[in-house]
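Residue strings, one per chain:
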Amino acid sequence: MASFNFSTWPPQLTPEQLEALTFAATTYALSHGLLYLPPSQSPSNTRPRIPTDAIHAPISLIPAPFPRAQFQAARGLQSIYNVLYARIAMDTQFLDTVMGAEEGVGKADEFTGTLWRGWKRIREQGVLAQPLHLGLFRSDYLLHAVEDRLALKQVEFNTISSSFGPLSERAASMHRHILASTSYFSASPHLTADNFPENNTTSGLAEGLAKAHEAYGVRGARILFVVQPNERNVFDQRWLEYELLEKHQIHVVRQTLADLAASASIDPSTHALTITIPSLTNISPYEISTIYFRASYTPSDFPSPSYYDTRFLLERSRAIKCPSLPLQLAGGKKVQEALTRPGVLERFLSNEGAKWGTRALDLTAYAADIRATWMGMWALDSEDADIAAALDHLPALGQGQRHVPSGTRLARLKAPSLVLKPQREGGGNNVYREAIPAFLDALPAEEREAWIAMEMIETPRGVSGYLVRASPSSSDTDNGSTEKKVIRTEVISELGIFGYALFGEGEVLEKGVGWLVRTKGTESNEGGVAAGFSVLDSVVLV
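Parameters and conventions
- Residues numbered from 1 in each chain as written.
- Predicted model: local features only at pLDDT ≥ 70, side-chain atom pairs only at ≥ 80, totals over all residues.
- Heavy atoms only, no water.
- Pairing = 2+ DSSP bridges.
- Helix = DSSP H or I, 4+ residues; strand = E, 2+ residues; numbered from the N terminus.
- Contact = heavy atoms within 4.5 Å.
- Axes fitted to C-alpha atoms, helices over the stretch in contact; angles between N-to-C directions.
- Parallel < 35°, antiparallel > 145°, perpendicular 65-115°, else oblique.
- Left-handed = near helix turned anticlockwise from the far one by under 90°.
- Nonpolar A, V, L, I, M, F, W, Y, C, P; charged D, E, K, R; others polar.
- Phe/Tyr/Trp six-rings, centres within 6.5 Å; stacked < 30°, edge-to-face > 60°.
- Lys NZ or Arg CZ within 6 Å of the ring centre and 35° of its normal.
- Polar contact = N/O pair within 3.5 Å; in protein donor to acceptor, adjacent residues only side chain to side chain.
- Buried < 20%, exposed > 50% of the residue type's maximum accessible area, 1.4 Å probe, protein only.

(A) Structural view of the sheet that holds strand β14 (residues 418-421). Taken together, the four strands give an open sheet; going across it, the order is β13-β16-β14-β15, and neighbouring strands pair in antiparallel fashion. Of all the strands in the sheet, the pair left with one neighbour each is β13 (377-379) and β15 (431-432). Here helix α15 (residues 406-413) sits on the sheet and contacts β13, β14 and β16 (452-455); the angle it forms with β13, its principal contact strand, is near 135°.

What follows is the structure, encoded as structure tokens:
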């Protein structure tokens, strides 16, 4: 909304008002499960199995301004994205070409290649015990300032471990509570209930898991959460567990990959996955209907080859995977870049010849809307004609760059306006702007294929926020003082839209189910809350 002046945000508060809001926010968070486990004090970073304390998650005091039209547009596009990525996951040839270790990015990226090779072996063995896939997705956006208007631009699309839905719902509830209890001291006419949208992400994500469980169709089966050891973000996961049990009467089993190496087994005739927990000897093994991965998205989740063996064992089972290996690969940055090429997106949106099923929708009418959310991007190893043509309009590089791929040369020349992305999730992996030339100098030629270049999204400048640290307020260093706990700084806010899709053999059952906002200081390039770069926020529509 052009009439909103972002540089005037947030409204001014007196020190007394700031202290009152901080008290209201932190006590609400502590009372309503908007929590983290504190950092481990152990040199080995291990945590006791039974938690003894918790801290509130990093939060904002005042929600981030976001144009109503762009917010509604993002929510409206989620159903199209749900179907798009479901169809990508069902296109084996496309994934082999783009993400595979023989033709695609898996040649250059060992982690991606290992996952793809495991999937290929399962296919070659003829083991397709479960045709259904479940995706719990999140599409992340920033506002892009273009002259006098703001455009909605996608940062990435997440197909695995799309976290912070339940905690973000509680962050939005916290802001609504503060509005109801203090009216934010009438500090801004924008801070009204009509501008605070509802957020029901927890029930929506649980609904997706419950739909998969129902489709599996075995009474008494349970859902398996595959989690990381020493997980600090456990409460975000627990809220989903509580929702599944209380609203759907579905039990959850939590296991790490290390646990599963001993506890998981597959029936050789039915391919049913069962979990046996030795310490619970009076309970029969649990049959698993659905596997929800909150781990296995980063190489550090696989400290030895045996961990990959466990991941592939789960993939061979009859349980519905969230995500399956092809759906995890579909979320790769290389796929995001490949979709921008002429005709690729349209091929997936089209249902010409009923290639996605007789009841599948033809979505080509939405192609322009989807493409409008993308920034320019290309592969570092690209020799495409349009990349070469772009180089013709830029200063020539030295003789030593003559044999370097056009995509890498263009990235070097446009470095101040770019970000380089590898095939990784979880935050802290990208290379930005001025750091790019030195990174390209050090990048081995055989690894270029693992990286894409993307134009930076230039967010509105001058907008600030009050960010509340997650550290315990009783520490000797801050003594709970507002001055030490709350930081007012210029910020960037990222909107994430959640959705789910249960699909297989052309049929897609999907729904958009909620949203989150993460806010970070402009001095931070990364946006991951779990990685320590940002705080949980919500929106005030303007």
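(B) Highlighting the packing of helix α1 (residues 15-31) against helix α5 (residues 165-182). At their nearest, the axes of α1 and α5 sit 10 Å apart, and the two run at 135° to each other. Overall, the two elements α1 and α5 adopt an arrangement that is oblique. Judged by the twist between their axes, the crossing of α1 over α5 is right-handed. For the pair α1 and α5, contact is made by L21, A24, A25 and Y28 and by R170, S173, M174, H177, I178 and T182, respectively. Looking at the contact of α1 with α5 residue by residue, the classes come out as six nonpolar, three polar and one charged.

(C) Molecular detail of the packing of aromatic side chains. Under the defined criterion, the tally for this structure stands at 15 aromatic pairs. Plain terms: the ring middles of Y81 and F157 are 5.6 Å apart, the flat faces sit at 25° to each other, and that makes the pair stacked. Here F157 lies in strand β6 (residues 149-158) and Y81 lies in helix α2 (residues 68-89), a separation of 76 residues in the sequence. By way of ring pairs, the aromatic residues Y81, Y85, F137 and F157 are connected into one cluster. Over the aromatic face of W119 sits the side chain of R123, whose NZ or CZ is 3.9 Å from the ring centroid. The ring of W239 is capped by R170, whose NZ or CZ atom sits 3.7 Å from the centre of that ring.

(D) Looking closely at the side chain of H144. Along the polypeptide, H144 turns up in strand β5 (residues 133-146). Of note is the side chain of H144, whose polar atom sits 3.0 Å from the backbone nitrogen of E458. With residues up to four places along the chain from it excluded, the contact list for H144 reads R149, L150, A151, K153, M375, M456, I457 and E458.

(E) Region of the structure containing unusual backbone geometry. Across the junction of W9 and P10, the peptide omega takes the value 0°, indicating a cis bond. Along the chain, P10 turns up in the segment before α1. Unusually for a residue other than glycine, E147 sits at a positive phi of about 55°. The class for E147 is exposed, based on a relative accessible area of 80%. Positive phi values are uncommon outside glycine, yet S161 reaches one of about 50°. Along the polypeptide, S161 turns up in the loop between β6 and α5. Accessibility expressed as a relative area gives 16% for S161, which makes it buried.

(F) Focus on the environment of F312. Among the secondary structure elements, F312 is positioned in helix α9 (residues 305-316). Distance from F312 to A74, taken between C-alpha atoms, is 35 Å for residues 238 residues apart in sequence. Those residues in contact with F312, other than ones at most four positions away along the chain, are T114, L115, G118, R121, I122 and L325.

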